[in-house]
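Here's the letter readout for the chains.
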Amino acid sequence: MTNELAETTISVEMQTPEIKITNKEKLDALVDAVVRKYSGIVVTEDTLKECKKTLTELRKLSKELNAKRLEKQCQYETPVKEFKAQIDAYINQINDVISDIKQGTDEFEEKRKAEKQIAIQNLIDEMAGNYDVDPETVEFDKKWLNKSTTMKKITEDIANQMKEKQRLDDDWKIVKKYAQDKGLLADHYQTYIGVFSAFDIEKMIDEDADKKAEQDRNQAEELMFAKAIDEETGEIKQAIQQVTFTIKGTEEQLNQVAAYLKNSGVEIVSASNRETVIGG
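Because the structure is predicted, anything quoted here is derived from the model rather than measured.

1. Side note on the overall build of the protein chain
Scanning the protein chain from N- to C-terminus turns up six helices and zero strands. Ordered by position in the sequence, the α and β elements of the protein chain form the string α-α-α-α-α-α. Counting all 280 residues of the protein chain, 13% fall into the buried class. Considering only residue pairs separated by 6 or more positions, the protein chain has 52% of its internal contacts joining residues 24 or more positions apart.

2. Looking at the pattern of salt bridges
Between side chains of opposite charge, a pair can form when the charged atoms approach closely. Using the criterion set out here, one finds 13 salt bridges in the structure. The partner of K177 in a salt bridge is D181, and the shortest N-O contact between them spans 2.9 Å. Within this pair, K177 and its partner D181 are both found in helix 4 (residues 151-181), separated by four residues, close to a single helical turn. A relative accessible area of 56% places D181 in the exposed class. Ionic pairing is found between K203 and D200, a salt bridge with its closest N-O pair at 3.8 Å. Separated by three residues within a single helix, K203 and D200 lie in helix 5 (residues 198-228), roughly one turn from each other. For D200, a relative accessible area of 29% puts it in the partly exposed group. Via salt bridges that share partners, E164, R167 and D171 belong to a single interconnected network.

3. Describing helix 6 (residues 251-264)
If you check helix 6, its first and last C-alpha atoms are 20 Å apart, about what 14 residues at 1.5 Å a residue would give, namely 20 Å. G265, located one to two residues past helix 6, shows a positive phi value of around 90°.

4. Description of a nonpolar patch on the surface
Residues V243, F245, I247 and V257 make up a contiguous nonpolar surface patch of about 380 Å² in total accessible area. Turning to its location among the elements, I247 is positioned in the loop between helix 5 and helix 6.

5. Describing the side chain of K116
In this structure, K116 sits in helix 3 (residues 48-131). Residue contacts for K116: discarding those within four places in its chain leaves W144, L145, N146, T149, M151 and I154.

6. As for the packing of aromatic side chains
By the definition in use, this model includes three aromatic pairs. Where Y189 meets Y192, the ring centres are 6.4 Å apart and the plane angle is 55°; that geometry is what we call tilted. In this structure Y189 comes out as buried when scored by relative accessible area, which is 3%. An aromatic cluster is defined as three or more aromatic residues linked by ring pairs; in this entry it consists of Y189, Y192 and F196.

7. Brief notes about the nonpolar core
Proteins that are soluble and globular tend to have nonpolar side chains buried together. If you look at the biggest cluster of nonpolar residues, it comprises 14 residues, and the most contacted ones within it are I120, I124, M127, Y131, W144, I158 and M162. Broken down by secondary-structure element, the contributors of at least two residues to this core are helix 3 and helix 4. At six residues, the largest contribution of residues to this core is made by helix 3. In this structure, M127 is in contact with T155, I158, A159 and M162, ignoring residues within four places of it in sequence.

8. Observations concerning unusual backbone geometry
The phi dihedral of D132 is positive, around 55°, even though this residue is not glycine. Mapped onto the fold, D132 is located in the loop between helix 3 and helix 4. On the basis of relative accessible area, D132 is assigned to the exposed category, the value being 62%.

9. What about the side chain of T149?
Structurally, T149 is set in the loop between helix 3 and helix 4. In this structure the side chain of T149 is engaged in a polar contact, spanning 2.8 Å, whose partner is the backbone oxygen of K143. Apart from the residues lying within four places of it in its own chain, the contact partners of T149 are K116, K143, W144 and I154.

10. Notes on helix 2 (residues 24-38)
Between its terminal C-alpha atoms helix 2 stretches 21 Å, which fits the 21 Å expected from 15 residues at 1.5 Å a residue. Looking one or two residues past helix 2, G40 carries a phi angle of roughly 75°, positive in sign.

11. Section: the environment of E115
Along the polypeptide, E115 turns up in helix 3. Considering only alpha carbons, one finds E115 and L145, 30 residues apart in sequence, at a separation of 9.5 Å.

Conventions and cut-offs
- Residues numbered from 1 in each chain as written.
- Predicted model: local features only at pLDDT ≥ 70, side-chain atom pairs only at ≥ 80, totals over all residues.
- Heavy atoms only, no water.
- Helix = DSSP H or I, 4+ residues; strand = E, 2+ residues; numbered from the N terminus.
- Buried < 20%, exposed > 50% of the residue type's maximum accessible area, 1.4 Å probe, protein only.
- Contact = heavy atoms within 4.5 Å.
- Salt bridge = Lys/Arg side-chain N within 4 Å of Asp/Glu carboxyl O.
- Expected span 1.5 Å × (residues − 1).
- Patch = residues over 30% accessible without salt bridge, like charges linked within 9 Å, V, L, I, M, F, W, Y side chains within 5 Å.
- Areas by Shrake-Rupley, 256 points an atom, 1.4 Å probe, with all protein chains shown as cover.
- Phe/Tyr/Trp six-rings, centres within 6.5 Å; stacked < 30°, edge-to-face > 60°.
- Core = buried A, V, L, I, M, F, W, Y, C linked by side-chain atoms within 4.5 Å.
- Polar contact = N/O pair within 3.5 Å; in protein donor to acceptor, adjacent residues only side chain to side chain.

As structure tokens, then:
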């Protein structure tokens, strides 16, 4: 069948018809004479009747010329239309066959894509366990279904995606713990994952923690001042005192002291790091 198509040629014999005005010289002279005679004619009341007659004759001449053109043009175009109809009939028959074959090849192509998609999804599920990644989060690239895209290339693409997701998950764990340790809600910082590095997000958390600590101190001072000063008289209702001392004891004893101070409601202005000392 392929050889038949390759060897098929279209043989068409064409004789270009010649359209010739046999009395062209006479017609040239007639038109030239009419144009010279009636060009620039001025219509007056005296010449109106004659001009109308001339107008009718000129229109008749123009109509006769156009009719002759249409007659010969139709004769010229008829074989072209017949030829076009014959070729169109061949094309329509061939296109019907093309449509049937294409439908069959499309069905096989869809089947191939469906089978490949299943194979790729199985590969994603298998690789997800190795990278500790949810397979549902892997973005399926439609180009993977192309026949030219090898499974090796697809495996590399999936691995790169999973490595990136693994890195982002690790960054989120770091940022989440860091925010919680600072006493802040971590969810706010999740939107920054993948946009900024974990280190940069930690610096944001530090700034937010400092702002929050400052706000907490200001609120505590305002509350303490409100308790200590009578708003109406301005008199001191309760004097606030401050004392600085250094204590020494076992870790358990110091923990008990710290717990007592925290529970007593006193404000801890500052505290140094603990140091291990020997001796009493």
